[in-house]
Amino acid sequence: MDESTSSHSPQELFARWVETPLAALRKIEHGDGAFAALAISLGLYERFIDSVLHDANLPANAENFRKQASADLNITEDVAGRFWDSYRLGIMHAFHPKNYVQDAGKGDSWGWDMGEGPGYEAFPAVEQRDTQLFILKLDPWKFTNHVVTRWKEHPHLMNELKEFAFGKIEPIRRDNNAQSFETTFSLPPDSYRTYSEPPSY
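Residues numbered from 1 in each chain as written. Predicted model: local features only at pLDDT ≥ 70, side-chain atom pairs only at ≥ 80, totals over all residues. Heavy atoms only, no water.

Draft legend 1. The arrangement of the packing of helix 2 (residues 34–55) against helix 3 (residues 62–73) in detail. In the contact formed by helix 2 and helix 3, the axes pass within 10 Å of each other and the chain directions differ by 110°. Viewed along their axes, helix 2 and helix 3 adopt a mutual orientation that is roughly perpendicular. In contact with Tyr45, Glu46, Ile49, Asp50, Val52 and Leu53 of helix 2, helix 3 contributes Asn64, Phe65, Gln68, Ala69, Asp72 and Leu73. (Axes fitted to C-alpha atoms, helices over the stretch in contact; angles between N-to-C directions. Helix = DSSP H or I, 4+ residues; strand = E, 2+ residues; numbered from the N terminus. Parallel < 35°, antiparallel > 145°, perpendicular 65-115°, else oblique. Contact = heavy atoms within 4.5 Å.)

Put into structure tokens, the structure is as follows:
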């Protein structure tokens, strides 16, 4: 396989699979690409924190995750946990952050609020709006930029989690006389594949 026809560098794959799609989502009017951008960035943030923990030989359990995320985002561990339970679990499982009431419906109520401008930051901030009403506020684009920046600052961690190593892009070879291409960018979608095989193969 001629390496010039493939895209194996984690940094190049990150640019193609993350930065390029996010740039396209950012151009959508009214900020309507934010939910899709968060779906990308939240998954990438979990991968980043888990990679940091793995690199430090620490188990990627909930407690260590909250500690690392709270330190990275400069928030409390409690807010980190609430942010993950609301935004990450909500968006990745149901496309929207989760509203919930603690203590089986008898405790504090928690909601969410996303926007750009004053009062919305890259990190989740808690705003108390009533005695038992709390809102987790977030600027989804600032958070997304934070996640992308973290990865670009630590490219050596991109394939730290070997079982989730980035796949490869290469042309589909249909016969021995297949035309050679310098880059898969010049190929139509039905002429290349993205794949990964277990290390023993």
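Next comes the rest of the write-up.
Draft legend 2. View of the sheet that holds strand 4 (residues 133–138). Overall, mixed pairing links the four strands, which are arranged 1-2-4-3 in an open sheet. This sheet does not close on itself; its edge strands, each paired only once, are strand 1 (100–101) and strand 3 (125–130). (Pairing = 2+ DSSP bridges.)

Draft legend 3. Molecular detail of the pattern of salt bridges. Under the counting rule described, the total for this entry stands at 11 salt bridges. Here Arg82 and Asp78 are joined by a salt bridge, their closest N and O atoms 3.1 Å apart. Within this pair, Arg82 and its partner Asp78 are both found in helix 4 (residues 77–94), separated by four residues, close to a single helical turn. Close ionic contact of Glu153 with Arg150 constitutes a salt bridge, the shortest N to O distance being 3.0 Å. One end of the pair, Glu153, and the other, Arg150, are both in helix 6 (residues 140–153), three residues apart, so they sit about a helical turn from each other. Judged by relative accessible area, Glu153 falls into the partly exposed class, the value being 45%. (Salt bridge = Lys/Arg side-chain N within 4 Å of Asp/Glu carboxyl O. Buried < 20%, exposed > 50% of the residue type's maximum accessible area, 1.4 Å probe, protein only.)

Draft legend 4. Local environment of the packing of aromatic side chains. Under the criterion given, the structure shown has 11 aromatic pairs. Measuring from ring centre to ring centre gives 5.6 Å for Phe35 and Phe95, while their planes differ by 45°; the resulting arrangement is tilted. Of this pair, Phe35 sits in helix 2 while Phe95 sits in the loop between helix 4 and strand 1; the two residues are 60 residues apart in sequence, bridging distant segments of the chain. Residue class for Phe95 comes out partly exposed when judged on its relative accessible area of 48%. (Phe/Tyr/Trp six-rings, centres within 6.5 Å; stacked < 30°, edge-to-face > 60°.)

Draft legend 5. Expanded view of helix 2. For helix 2, spanning 22 residues, the distance from its first C-alpha to its last is 30 Å, which sits close to the expected 32 Å at 1.5 Å a residue. Trailing helix 2 by a residue or two, Asn57 shows a phi angle of about 60°, which is positive. (Expected span 1.5 Å × (residues − 1).)

Draft legend 6. Seen up close, the layout of surface pockets. Estimated volume of the second largest pocket: approximately 250 Å³. Around the second largest pocket, the lining residues are Gly43, Leu44, Glu46, Arg47, Asp50, His54, Leu58, Ala60, Leu161, Glu163 and Phe164. (1 Å grid on protein atoms, 1.4 Å probe; cavity = no way out; pocket = protein on both sides within 12 Å on 5 of 7 lines; lining within 4 Å. Points joined across faces, edges and corners; volume = space filled by probe spheres on them.)

Draft legend 7. Representation of the packing of helix 2 against helix 6. Between helix 2 and helix 6, the shortest axis-to-axis distance is 9 Å and the interhelical angle comes to 35°. Handedness of the crossing formed by helix 2 with helix 6: left-handed. Together, Ala34, Ala37, Leu38, Ser41, Leu42, Leu44, Tyr45, Arg47, Phe48 and Ser51 of helix 2 and Pro140, Trp141, Phe143, Thr144, His146, Val147, Arg150 and Trp151 of helix 6 make up the contact between the two elements. By residue class, the composition of the contact of helix 2 with helix 6 is 12 nonpolar, four polar and two charged. (Left-handed = near helix turned anticlockwise from the far one by under 90°. Nonpolar A, V, L, I, M, F, W, Y, C, P; charged D, E, K, R; others polar.)

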